[in-house]
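Chain by chain, the residues run as shown.
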Amino acid sequence: MMNLDKKDLWLIFLFLTLIILFFGQVLFTPATYVIRDFYRTFYPTRYFVAECVKEGFFPLWNPYLYCGHPFFASLQHGLLNPFSFFIYLFPFDIGIKLFIVWHFFLAGLFMYLLMRDFDISGIPSLIAACAYTFNSYMLSIDTFTHLTSACWTPLIFLLFNRVISSSVGKKFKYIILTGISLSLQFAGEKVEIFFATVIVLILWTLAKIILFKPQERKIAFFSLSLVGLISLGLILIQLLPFFEAVVSSYRTERTSYSQATNWSLPPLELFTLICPIKSGFMEFIHVGIQHGFFKGLYFGIVPLFLILITFYEKRKRNLFWQAIFLIGIILSLGNYTPFYKFLYDYLPLFSMFRYPVKFFCISIFAGSILAGVGFEYLLKTIKAKKIKPAIVLFIPNLFLIFILLIWYLNMGKFLWLLKLHYFIPESIEELMDIEGKNFMIYQNFFLVTIVFSLFNLLVIISSKLRIKLTVFAITSTIIIIFDLIFFGLNLNPLVDQKLYHQQPEMLKILKKEEGYSRFMIEPKTIQYYSFMTDVSEKTQFETVDEMQLRLIPNFGLMHKIYEIEGYGFLILEDYLKFYERLISGEFTAVHQLLNLSNVQYILSKFEIPSSSVQLVYKMKKYGEEFMLYKNPDYLPRAFFVSKAKIVKNREKILNILTNKNFDPQKEVILEENVLNYPESKIQNFASQHSSNSKSKIQITAYQPNKVKINTSCQTNGFLFLSDTYYPGWKAYVDGQQTKIYRANFLFRAVVLPKGSHQVEFVYSPLSFKIGLLGSILTSLVLILIGLWKNRGYK
């Protein structure tokens, strides 16, 4: 068990300095990250959250995407992350960067403390911390929710190690802290990492149980069970809404095996463990890694081969982490190994996950631990003047030099191999550029070989000569840190953060509109959107600028533009079915669904062959022409309907809605009988001579969780609202709760008596209330237990 001293504090301070230097350009200049999911998901989502919190809302619902969406239930928002205060307290562009950098510091800090708790000395612990922080997996900012979850993994194992190793009187404190840290990892938004951590924690406990006496085994099992219950109680606030959303989403059934194994790690890409093919000498970012999720597997050439040293230290602890390292790789391989299919079929919840390469987080964690353990053992053997570890490292060193020479002498054959796997040229220019890419990757491999050779030479010299151990440790650390920083520094493209806030002409047109209407991108146009999987230095600004000009999905979230589309991972099944029908066939054939969906503006790369839309703006830039059309026939967000028809066959409802004879302003399609009214009566509440034009519907407030509407109508009828129907919404007419009916397949309607009324829709899901209550009760119980323990009661 660790006892931190001044040396530890200095090493932690050194690590903090490395973090500040590594992220200096981001922290101290207007530059910010711009790649893939960071740009199109996390930046606008966090911006929306920050604005809501500053305005006094807790955004359970997002009204700006997908005709309305259960925002809090979808996990990837950071609302429960305690360090989101950076985003709330600072100007957003500064806060988001502080938020990201802080989690990198936490990842390294917790790894350092874990290694010290494993009785590993300071510098080896620092090496483990650097390997865990500055690897290609963690540095993939475009998927930074993996960082915000994975940073907690070392702390979880640190605290549970205390549970196992401490006296009975102190165990419960660490059980509580472990449960809290596990819940914080869940709040970090990446369920796969939470799931992987739980599995490894269970395996670790089982490994410990085997070594325990029978009574200690019971205590270990009981402790793990309590940790699980505590974390479950604390995350109920998020877990119950999430499960409710999953039930309503397209993920109701388990993901198909082909979908679940998409972005498996091709075995050939294990090459990136020893040679990063991004950053370093590469003059560009774009390289065709097939799994397409992270920028490689590299966590340092020296840390990788330090794992070999741990095989010489005959300890069961090493054997466990070696097995976990291999398990992480096997899981990442996905459909390239039959092991994944077995887990898919038989391990609970496993079939819901996609992208096996995500599970490489297990290998990064275990590999970083082994790197620290290996370096610690190396220090001991050098102090004892033993040469065996140096020989162990010398063999892979020769292998790297051999590959380097073969590569140099056979550039053409290696070029063919790289073309086959990494480069799929989309143009003659790209094909001609592959030779240059091949040479730059060769340069990366050359540097890796040099770095490892220098380290190996240092080991050999230190094993034979009288070199102070401190000199060896410090020099080795410098070599390792240089390697990680050199290959990690330029992994993520940067642009001036002002670019996020520019307002192109098309956006200004949309913002000028008063009232509430939606915007849509014509379906064939979406395929022309380059979503920036990777961009070169030359095209960073141009690519982002192009996406802004074309109003990329989710961009409107920062400007309160209502979109019928969006980009996210948990999409409601009803919305998908409705949208698929909307975009099926010829675009003009489903124009009626556009009107019903409140779509006033349509962006298209193609001319829309319809006289019912008007061209209002044309833009030609970056070699492409885009047009903004206005739909004058769009229906209001809310309007009065005098008649209703009950249709319980959902496919039939979609057919009716796309029928040209159907008029949504005169009739609404419901799926169940209306309370207190027979079907024959609701088919025409109004007289044949009544007119909807005599009704007045005015939205007076439209907030994420609440909609207020003033109504005035001369007959009984229905108030239709083209927002997504979803459990948890409640409606009140003049303060009296009334039932919300699923209307026109996707939307909402309430019975509206004649006269003037105030109607209010409030999103107050029972799943959130129960979850909140469960989390509060769990917190109160933990607080009471803590107070009781602190007062010394037995």
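My aim in this report is to walk through the structure given alongside it, one point at a time. (Residues numbered from 1 in each chain as written. Predicted model: local features only at pLDDT ≥ 70, side-chain atom pairs only at ≥ 80, totals over all residues. Heavy atoms only, no water.)

Overview of the overall build of the protein
Inference 1: Each helix and strand counted, the protein has 28 helices and 18 strands in total.
Inference 2: Each of the 794 residues in the protein was classed as buried or not, and the buried ones make up 59%.
Inference 3: Surface exposure of the protein reaches about 33,500 Å², of which carbon and sulfur atoms provide 61%. (Helix = DSSP H or I, 4+ residues; strand = E, 2+ residues; numbered from the N terminus. Buried < 20%, exposed > 50% of the residue type's maximum accessible area, 1.4 Å probe, protein only. Areas by Shrake-Rupley, 256 points an atom, 1.4 Å probe, with all protein chains shown as cover.)

Some details on the sheet that holds strand 7 (residues 624-630)
Inference 1: The strand order across the open sheet built from five strands is 4-3-5-7-6, with neighbouring strands paired in mixed fashion. Of all the strands in the sheet, the pair left with one neighbour each is strand 4 (562-563) and strand 6 (614-621).
Inference 2: Pairing of strand 3 (residues 518-521) with strand 5 (residues 599-604), which is carried by four bridges, proceeds in the parallel orientation. Across the sheet, I521 pairs through a bridge with L603, a residue of strand 5.
Inference 3: Sheet strands in contact with helix 21 (residues 505-512) are strand 3, strand 5, strand 6 and strand 7, and its direction is about 155° off that of strand 6. (Pairing = 2+ DSSP bridges. Contact = heavy atoms within 4.5 Å. Axes fitted to C-alpha atoms, helices over the stretch in contact; angles between N-to-C directions.)

Description of the nonpolar core
Inference 1: One finds W321 and F761 to be the most contacted residues of the largest nonpolar core, which totals 261 residues.
Inference 2: The element that contributes the greatest number of residues to this core is helix 5 (residues 92-117), accounting for 16 residues.
Inference 3: Excluding its chain neighbours within four sequence positions, the residues that come into contact with F761 are N705, K706, V707, I709, L719, L721, W729, K730, A731, I740, R748 and V750. (Core = buried A, V, L, I, M, F, W, Y, C linked by side-chain atoms within 4.5 Å.)

Observations concerning the pattern of salt bridges
Inference 1: Under the criterion given, the structure shown has 17 salt bridges.
Inference 2: For E573, the salt bridge goes to K577, with nearest N and O atoms at 3.8 Å. Within this pair, E573 and its partner K577 are both found in helix 24 (residues 573-583), separated by four residues, close to a single helical turn.
Inference 3: E573 gets classed as partly exposed once you look at its relative accessible area, which sits at 31%.
Inference 4: Since its relative accessible area comes to 41%, K577 is described here as partly exposed.
Inference 5: When the shortest N-O distance is used, the salt bridge between E672 and K739 registers 3.5 Å. (Salt bridge = Lys/Arg side-chain N within 4 Å of Asp/Glu carboxyl O.)

Examining helix 24
Inference 1: Residues of helix 24 that are buried: D574, Y575, F578, Y579, R581 and L582. Considered in projection along helix 24, the buried side chains sweep an arc of 160° and stay on one side of the axis. (Arc of directions from axis to C-beta.)

Here we look at the sheet that holds strand 12 (residues 706-713)
Inference 1: Taken in spatial order, the five strands line up as 11-12-18-14-15 in an open sheet, and their pairing is antiparallel. Each edge of the sheet is formed by a strand with only one pairing partner; in this case those strands are strand 11 (696-703) and strand 15 (736-738). Taking the axes of each pair of neighbouring strands and ignoring which way they run, one obtains an average angle of 25° across the sheet.
Inference 2: Examined bridge by bridge, strand 12 and strand 18 (residues 755-763) share eight bridges and lie antiparallel to one another. Within strand 18, the position partnered with V707 by the bridge is F761.

Here we look at the pairing of strand 14 (residues 729-733)
Inference 1: Every second residue of strand 14 is oriented toward a common face, the buried set being W729, A731 and V733 and the non-buried set K730 and Y732.
Inference 2: Relative to strand 18, strand 14 is paired through five bridges, and the arrangement is antiparallel. Note that in strand 18 the partner of V733 across the bridge is V759.
Inference 3: Bridge count between strand 14 and strand 15: three bridges; the pairing is antiparallel. Bridging from a neighbouring strand, Y732 pairs with Q737 of strand 15.
Inference 4: As consecutive antiparallel partners, strand 14 and strand 15 are separated by two residues, and within that stretch D734 has a phi angle of approximately 55°, a positive value.

A closer look at the pairing of strand 12
The side chains of a regular strand alternate between both faces of the sheet.
Inference 1: Burial along strand 12 is one-sided: V707, I709, T711 and C713 are buried, while K706, K708, N710 and S712, pointing the other way, are not.
Inference 2: Of the pairings in the sheet, the one linking strand 11 to strand 12 comprises seven bridges and is antiparallel in character. Its bridge partner lying in strand 12, Q703 is registered against K706.

Remarks on the packing of helix 6 (residues 122-133) against helix 16 (residues 360-383)
Inference 1: Interhelical geometry of helix 6 versus helix 16 gives an angle of 155° and a closest axis separation of 8 Å. It follows that helix 6 is roughly antiparallel to helix 16 by the angle criterion. Relative to helix 16, helix 6 is oriented so that their crossing is right-handed. Only I364, F365, S368, G372, F375, E376 and L379 of helix 16 make contact with helix 6, whose side of the interface consists of I123, P124, I127, A128, A131 and Y132.
Inference 2: Here the contact of helix 6 with helix 16 is built from residues that sort into ten nonpolar, two polar and one charged. (Parallel < 35°, antiparallel > 145°, perpendicular 65-115°, else oblique. Left-handed = near helix turned anticlockwise from the far one by under 90°. Nonpolar A, V, L, I, M, F, W, Y, C, P; charged D, E, K, R; others polar.)

Examining the side chain of N595
Inference 1: Examined against the element boundaries, N595 turns out to sit in helix 25 (residues 591-596).
Inference 2: Classification of N595 by relative accessible area gives buried; the value is 12%.
Inference 3: Leaving out residues up to four positions away in the same chain, N595 has contacts with N631, D633, Y634 and L635.

Describing unusual backbone geometry
Inference 1: Look at D119: it is not a glycine, yet its phi comes out positive at around 65°.
Inference 2: Tracing the backbone shows D119 in the loop between helix 5 and helix 6.
Inference 3: In this structure, N598 takes a positive phi of about 70° despite not being glycine.
Inference 4: Inspection of the secondary structure puts N598 in the loop between helix 25 and strand 5.
Inference 5: Note on N598: relative accessible area 0%, which makes it buried.

Regarding helix 9 (residues 168-187)
Inference 1: Compared with an ideal rise of 1.5 Å per residue, which puts 20 residues at 28 Å, helix 9 spans 30 Å between its outermost C-alpha atoms and is within 8% of the ideal.
Inference 2: Those residues of helix 9 not exposed but buried are K171, Y174, I175, I176, T178, G179, S181, L182, S183, Q185, F186 and A187. (Expected span 1.5 Å × (residues − 1).)

Points about the packing of aromatic side chains
Inference 1: Counting across every chain of the model gives 67 aromatic pairs.
Inference 2: Geometrically, the ring pair formed by F375 and F455 is tilted, given 6.5 Å between the ring centres and 35° between the ring planes. Here F455 lies in helix 19 (residues 428-464) and F375 lies in helix 16, a separation of 80 residues in the sequence. The same class applies to F375 as to F455, namely buried.
Inference 3: Between F639 and F720, the ring centres sit 5.0 Å apart and the planes meet at 45°, which makes this aromatic pair tilted. Highlighted residues: F639 in strand 8 (residues 638-641) and F720 in strand 13 (residues 717-721), separated in sequence by 81 residues.
Inference 4: The class of F720 is buried, set by a relative accessible area of 1%.
Inference 5: The ring of F745 has R650 lying over it, and the distance from NZ or CZ to the ring centre is 4.0 Å.
Inference 6: Lying over the aromatic face of W729, R748 brings its terminal NZ or CZ to 3.9 Å of the ring centre. (Phe/Tyr/Trp six-rings, centres within 6.5 Å; stacked < 30°, edge-to-face > 60°. Lys NZ or Arg CZ within 6 Å of the ring centre and 35° of its normal.)

Some thoughts on a nonpolar patch on the surface
Inference 1: A cluster of nonpolar residues, L772, L773, I776, L777, L780, I783, L784 and L787, forms a patch on the protein surface that exposes about 720 Å² of accessible area.
Inference 2: In this structure, L780 sits in helix 28 (residues 766-790). (Patch = residues over 30% accessible without salt bridge, like charges linked within 9 Å, V, L, I, M, F, W, Y side chains within 5 Å.)

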